[in-house]
Amino acid sequence: MISVSEAQTFVLETLTPLSPVDRTLEEALGCVAAEQIIATEPVPGFKNSSMDGYALRAVDTSEGSVRLRVIGTVLAGDAPDQQLHEGEAVRIMTGAPIPDGADAVCMIEETTVDPDGQTVLIVRTIDVGQSVRQPGEDIAVGQLLIEVGRELGGALIGVLASQGCASVSVHPRPRVGVMSTGDELAGPGSSLSFGQIRDANRPMLLALLRQSGFTPVDLGIASDDEQEITKRLQLGVDECDAVIATGGVSVGDVDFVKTVLAEICAGKARWMQVAMRPGKPFAFGTAGERGTPIFGLPGNPVSTRVSFEMFVRPALRRLAGHRVLDRPTVNMVLDCPMARKPDGKLHLVHVTSRFHDDGRMHIEVASRQGSHLLSAVAGANALAMIPDGDGFAPGNVARAMILDHETGD
Ligand code: AMP
Ligand code: MG
């Protein structure tokens, strides 16, 4: 057996981010920047009002109460030609350029306008610059807006748009092929003959991939046949940036995925027994000219899920250019016992956790564990890591990987 970290290192050390591509801002959401973006336009580009109100000369209000002559109106989008002189004001809307001569804005709520609109009464002192947005206040020309490796979230897309960018160079989302293997597997729709089971892994992985921001590609179900497994895996290598197969990596008579992987990867593959439970058998290799990674995960659905989290997701994040590969792992307080027996393995236990009033995450329930009990773990939102030994008692603290911030109800 090898340690989890040795297996993780074996996978990660072969991988580098996918070559950059240009993507429109809409397509770039969730991708990682492959170029740094330096601001070329100031934002705002000109002095403008942050309020609906009256542009004026602050000095005119120094007495605290003054009636000013309204010489015009400026709307957002106007290019004002007014020149403000002593005793004058311009009605101005939010975002409209400040007219020459004005140096402050009094918000409309603090003014009283004559019924004829000719004059406005200002009843308090206005400071220079009040309610005026200065050029470059948000973004100055030359400012570093996005560094290489930054994930483009919605607000950063907004920043790029505010610069007039239409596209950006990013690492593409990895396209990831998913194949199930097993003579016993059936899709939905048909009735099951005795001994058959539904293929749960492929739809689960396709969904988990999408949830993590990758592009899933369905490679279907292969029977336990070396040629068919080879054909489908090869298709995945040709069409995708990474391939995941489930089933057929253990020591059973028809566990051919590990053998096929060794052939396709021409020596660049390894079949591992990882010191973790579930998910002990694991195969990984790289194939083809592009060194496409192929993951061979165990067939039991809970093992598949755990192996995906421990090995596949971090690797795909590297392909996608992310700097942080792992999900957050935090100390959580156990509200339930988490007993185990020494067996030389790290136990990964699906748990339901929640923030408590003490400001700490608490593990409230450990799911019924069993690598085939998918429904028992489906509602879990974290994966507790219980090191080799006798486990923990309530009140102890355990490290856990947060799988989902939003579930736990
Ligand atoms: P294997 O790793 O091929 O020996 O499979 C281990 C167990 O997982 C067996 O009970 C399989 O029937 C089951 N299994 C394999 N693939 C899937 C799948 N795609 N969906 C659900 N169960 C599966
Ligand atoms: Mg099988």
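As shown above, the structure is provided for reference.
To keep things clear, this report deals only with the structure shown in the data block.

About the criteria used
Residue positions are counted from 1 within each chain, in the order its sequence is given. Key to labels: chains lettered from A, ligands numbered from 1, both in the order written. Local features in a predicted model are, by the rule used here, given only for residues with pLDDT of at least 70; side-chain atom pairs are given and counted only at 80 or more, and totals for whole chains, interfaces and linings are based on all residues. As a rule here, side-chain values come from all non-hydrogen atoms in the structure, and water together with hydrogens is ignored. For two strands to be treated as a pair, DSSP must find at least two bridges joining them. Working definition: helices are DSSP H or I runs of at least four residues, strands are E runs of at least two. Numbering for both runs from the N terminus. To get an axis, a line is fitted to the C-alpha atoms, and for a helix only the part in contact is used. The angle between two axes follows their N-to-C directions and goes from 0 to 180 degrees. Only heavy atoms are used to decide nearness, and a residue is near a molecule or strand if one of them lies within 4 Å of it. Any pair of N or O atoms that falls within 3.5 Å is considered a polar contact. Within protein, one atom must be able to donate a hydrogen and the other to accept it, and sequence-neighbouring residues count only if both atoms are side-chain atoms. Whether a set of points on the 1 Å grid over the protein atoms alone is a cavity depends on a 1.4 Å probe fitting there but being unable to get out, while an open set qualifies as a pocket with protein on both sides within 12 Å along at least five of seven lines; lining residues are those with an atom within 4 Å of a point. Pocket or cavity membership: a molecule qualifies when more than half of its atoms sit within 2 Å of the grid points of that site. Ten residue types, Ala, Val, Leu, Ile, Met, Phe, Trp, Tyr, Cys and Pro, are classed as nonpolar, four, Asp, Glu, Lys and Arg, as charged, and the remainder, Gly among them, as polar. Contact between two residues is taken to exist if any of their heavy atoms lie within 4.5 Å; hydrogens are not considered. The criterion is simple. A nonpolar core is a set of buried Ala, Val, Leu, Ile, Met, Phe, Trp, Tyr and Cys residues joined through side-chain atoms within 4.5 Å. Each residue is placed in one exposure class: buried if its accessible area under a 1.4 Å probe, protein chains only, is under 20% of its type's maximum, exposed if it is over 50%, and partly exposed if it falls in between. Helix crossings fall into two classes, left-handed where the near helix is turned counterclockwise from the far one by less than a right angle and right-handed where it is turned clockwise. Grid points are joined across faces, edges and corners, and a volume is the space filled by probe spheres set on the points.

What follows deals with the sheet that holds strand 2 (residues 32–33). Whenever strands of a sheet pair, they do so through backbone hydrogen bonds, lying parallel or antiparallel. Read from one edge of the open sheet, three strands run 1-13-2, paired in antiparallel fashion. Sheet topology places strand 1 (21–24) and strand 2 at the edges, where each strand pairs with a single neighbour. Strand direction decides the pairing type here: strand 2 and strand 13 (residues 167–171), joined by two bridges, are antiparallel. Its bridge partner lying in strand 13, Ala-33 is registered against Val-170.

Taken together, the six strands give an open sheet; going across it, the order is 8-5-7-6-10-9, and neighbouring strands pair in mixed fashion. This sheet does not close on itself; its edge strands, each paired only once, are strand 8 (104–107) and strand 9 (111–113). Taken pair by pair, the neighbouring strands of this sheet meet at an average axis angle of 40°, ignoring direction. Sheet analysis places strand 5 (residues 53–56) next to strand 8, joined by four bridges and oriented antiparallel. Across the sheet, the residue bridging to Gly-53 is Met-107, located in strand 8.

Okay, the site of ligand 1 next. In the region of ligand 1, 15 residues are neighbours, and Glu-184, Asp-199, Ala-200, Gly-248 and Gly-299 sit closest. Between ligand 1 and Ala-200, the relevant distance is 3.0 Å, taken from a nitrogen atom to a main-chain nitrogen or oxygen of the residue. The cavity where ligand 1 resides is the largest pocket. Those elements giving two or more residues to the shell around ligand 1 turn out to be strand 14 (175–181) and strand 16 (197–198). The residue inventory of the shell around ligand 1, partitioned by class, reads four nonpolar, seven polar and four charged.

Moving on to the environment of Gly-87. Along the polypeptide, Gly-87 turns up in the loop between strand 6 (66–74) and strand 7 (88–92). In the structure, Gly-87 is positioned 21 residues away from Val-66 in sequence and 8.4 Å away in space, judged by C-alpha atoms. Ignoring anything within four residues of it in the chain, the contact list for Gly-87 reads Asp-60, Leu-68 and Arg-69.

Ile-244, Phe-282, Phe-295, Met-310 and Leu-316 are the most contacted members of the largest nonpolar core, which has 42 residues in total. Those elements that provide at least two residues to this core are helix 1 (4–12), strand 14, helix 4 (201–211), strand 18 (242–246), strand 21 (281–287), strand 22 (292–297), helix 7 (301–319) and strand 27 (382–386). Per-element accounting of this core gives the leading share, nine residues, to helix 7. Not counting residues up to four positions away in its chain, the partners in contact with Leu-316 are Pro-174, Val-176, Leu-209, Phe-214, Ala-242 and Phe-295. Grouped together as the second largest cluster of nonpolar side chains are 20 residues, Val-217, Ala-222, Ile-264 and Cys-265 included.

With that out of the way, let us pick up the packing of helix 4 against helix 7. One can describe the packing of helix 4 onto helix 7 by two numbers: an axis separation of 11 Å at closest approach and a directional angle of 30°. Both helix 4 and helix 7 take part in a crossing whose hand is right-handed. Seen from helix 4, the contacting residues are Asn-201, Met-204, Leu-205, Leu-208 and Leu-209; seen from helix 7, they are Pro-301, Thr-304, Arg-305, Phe-308 and Leu-316. The residue inventory of the contact of helix 4 with helix 7, partitioned by class, reads seven nonpolar, two polar and one charged.

Right, let's talk about the layout of surface pockets for a bit. Approximately 770 Å³ is the volume found for the largest pocket. Every residue lining the largest pocket is counted, 42 residues in all, and those nearest its centre are Pro-278, Asn-300, Ser-303, Gly-370 and Ser-371. Every element with two or more residues in the lining of the largest pocket is listed here: strand 14, strand 16, helix 7, strand 24 (338–339) and strand 25 (346–355). In terms of residue class, the lining of the largest pocket is made up of 16 nonpolar, 17 polar and nine charged. Approximately 460 Å³ is the volume found for the second largest pocket. Lining of the second largest pocket is provided by 20 residues; of these, Gln-211, Arg-305, Arg-327, Leu-403 and Asp-404 occupy positions nearest its centre. When contributions to the lining of the second largest pocket are tallied by element, the ones reaching two or more residues are helix 4, helix 7 and helix 8 (374–377). Counting residues per element, the lining of the second largest pocket draws most heavily on helix 4, which supplies three residues. Across the lining of the second largest pocket, the residue classes tally to nine nonpolar, six polar and five charged.

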